[in-house]
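# Report on the structure
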Amino acid sequence: MPRYYTDEHEWIDVEGDSATVGITDYAQEQLGDIVFVELPDVGSMLDKGGDAAVVESVKAASDVYAPITGEVSEGNSGLEDEPGLVNSSPEEDGWFFRMIIGDKDELEGLMDAKGYKTFVDSL
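Rules used in this analysis
- Residues numbered from 1 in each chain as written.
- Predicted model: local features only at pLDDT ≥ 70, side-chain atom pairs only at ≥ 80, totals over all residues.
- Heavy atoms only, no water.
- Helix = DSSP H or I, 4+ residues; strand = E, 2+ residues; numbered from the N terminus.
- Rg over C-alpha atoms; globule rule 2.2 N^0.38 Å.
- Buried < 20%, exposed > 50% of the residue type's maximum accessible area, 1.4 Å probe, protein only.
- Contact = heavy atoms within 4.5 Å.
- 1 Å grid on protein atoms, 1.4 Å probe; cavity = no way out; pocket = protein on both sides within 12 Å on 5 of 7 lines; lining within 4 Å.
- Points joined across faces, edges and corners; volume = space filled by probe spheres on them.
- Nonpolar A, V, L, I, M, F, W, Y, C, P; charged D, E, K, R; others polar.
- Polar contact = N/O pair within 3.5 Å; in protein donor to acceptor, adjacent residues only side chain to side chain.
- Salt bridge = Lys/Arg side-chain N within 4 Å of Asp/Glu carboxyl O.
- Pairing = 2+ DSSP bridges.
- Axes fitted to C-alpha atoms, helices over the stretch in contact; angles between N-to-C directions.

Let's shift gears to the overall build of the chain. Scanning the chain from terminus to terminus reveals four helices and nine strands. Taking 2.2 N^0.38 as the reference for a compact globule, 123 residues should give roughly 14 Å; the C-alpha atoms of the chain span a radius of gyration of 13 Å, in line with that estimate. By residue count, 44% of the 123 residues in the chain fall in the buried class. Put simply, 59% of the contacts in the chain that link residues at least 6 apart link residues at least 24 apart.

Shown next as structure tokens:
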């Protein structure tokens, strides 16, 4: 399953017509200890680059943006009881939501793992 990255530090795993979205290890490291995650409602439509979720840490609150356009099909309910999963497993168990892809062409503007590493190294 291909994984893509945004310059806002979200990752997106694509499987057929659906995708799983979360924040990168770099993003969770910058935020510090995550204490709360607000997920989008199932059925809500997200626009590429639009607000999708909110993550709060002991340092700050930060928006999580939709990497592509689509409809939310599932939220990670495990984050309600254990928001720290975003810190301990940001790119696996700490995923935020799943969505039905609205426009696969939008994936073309995203980075692959090598491109994202180069981007982070330049920060």
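Moving on from the model shown.
This part is about unusual backbone geometry. At His9, a residue that is not glycine, the phi angle is positive and equals roughly 75 degrees. With respect to the helices and strands, His9 occurs in the loop between strand S1 (3-5) and strand S2 (10-15).

Left-over empty space is what a probe sized like a water molecule reveals as it rolls over the atoms. Estimates place the volume of the largest pocket at around 170 Å³. Lining the largest pocket are 13 residues, with Thr6, Asp7, Lys48, Pro67 and Leu110 positioned closest to its centre. Of the residues assigned to the lining of the largest pocket, the class counts are six nonpolar, three polar and four charged.

So, on to the side chain of His9. Classification of His9 by relative accessible area gives buried; the value is 13%. Within the local environment of His9, its side chain forms a polar contact with the side chain of Tyr116, the two groups lying 2.6 Å apart. Dropping the residues within four chain positions of it, His9 is found in contact with Gly22, Ile23, Thr24, Tyr26, Ala27, Tyr116, Phe119, Val120 and Leu123.

Enumeration according to the criterion identifies five salt bridges in this entry. Of the charged contacts in the structure, one is a salt bridge between Glu91 and Arg3, with a shortest N-O distance of 2.9 Å. In this pair, Glu91 is assigned in the loop between helix H3 (85-88) and strand S9 (97-101) and Arg3 in strand S1, connecting sequence segments 88 residues apart. On the basis of relative accessible area, Arg3 is assigned to the partly exposed category, the value being 23%. In this structure, a network of salt bridges that share partners links the residues Arg3, Asp13 and Glu91.

As summarised here, the arrangement of the three strands in space is S4-S6-S7, forming an open sheet in which the pairing is antiparallel. Among the strands making up the open sheet, the edge pair consists of strand S4 (34-38) and strand S7 (61-65). The average angle at which neighbouring strand axes cross in this sheet is 25 degrees, direction not considered. When strand S6 (residues 51-57) meets S7, the two strands line up antiparallel, connected through five bridges. Across the sheet, the residue bridging to Glu56 is Ala61, located in S7.

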